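# Summary of structural features
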Amino acid sequence: MTIHFRTGFLRTAVRLSLIAAVTAPSVAPAAESIRVIDPWARATLPGQKVGGIYMEIISPRDARLTGVASPVAAAAEVHSMTLEGGTMKMRAVKALDLPAGTPVKLAPGGYHVMLFDLKKPLVAGEKVLLTLRIEEAGKRTHKIAVSAIVRER
């Protein structure tokens, strides 16, 4: 009787685990697969109302950075800097393409995150929290939390 119980129990356990494996979703969150490398912010001076954040983003699938937010600023935007006619011009971009497997750098003089109406100065050694909004090809949007270290000017 004990052997029969164990055999019946094992069959039931195997059946339940097979059912769970077939019916459970196997989708991993994008936050686990999209990598944000070396996020940092430039320290600001007292009274300065804008700041910049830089990083490298690598997505394993085609995606787009469509927005950013931070509790340290009233607003945050993705910006580009380009040289036009000998003058550097900065403009907000609606979205930044993240081609599959290609590192995309947000760096001084290029794409970057602009923080507007800072609530307090960005002090070297502190961390700035921000949330990246990334849209994948299938129109799925993911929010990725990032902590950027503030570096000296």
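First, a word on scope: everything that follows refers to the structure included in this document. A quick note: this is a predicted structure, and the numbers were derived from the prediction, not measured.

In this section: the nonpolar core. Membership of the largest hydrophobic core comes to 29 residues, with the highest contact counts inside it found for I53, L65, L115 and L132. Elements supplying a minimum of two residues to this core: β2 (50-58), β3 (63-69), β4 (73-84), β6 (96-98), β7 (104-106), β8 (112-118), β9 (127-136) and β10 (141-151). Those residues in contact with L132 that sit more than four places away from it in its chain are V36, M55, I57, L65, G67, V68, H142, K143, I144 and V146.

A separate point is the layout of surface pockets. Gaps left between atoms are located by rolling a probe of water-molecule size over the structure's atoms. One number sums up the size of the largest pocket: a volume of about 190 Å³. In terms of lining, the largest pocket is formed by 15 residues, of which the most central are R42, G51, G52, Y54 and M114. Those elements that provide at least two residues to the lining of the largest pocket are β2 and β8. Here the element with the most residues in the lining of the largest pocket is β2; it accounts for four residues. Broken down by class, the residue content of the lining of the largest pocket amounts to seven nonpolar, six polar and two charged.

Rules of the game
Residues numbered from 1 in each chain as written. Predicted model: local features only at pLDDT ≥ 70, side-chain atom pairs only at ≥ 80, totals over all residues. Heavy atoms only, no water. Core = buried A, V, L, I, M, F, W, Y, C linked by side-chain atoms within 4.5 Å. Buried < 20%, exposed > 50% of the residue type's maximum accessible area, 1.4 Å probe, protein only. Helix = DSSP H or I, 4+ residues; strand = E, 2+ residues; numbered from the N terminus. Contact = heavy atoms within 4.5 Å. 1 Å grid on protein atoms, 1.4 Å probe; cavity = no way out; pocket = protein on both sides within 12 Å on 5 of 7 lines; lining within 4 Å. Points joined across faces, edges and corners; volume = space filled by probe spheres on them. Nonpolar A, V, L, I, M, F, W, Y, C, P; charged D, E, K, R; others polar.

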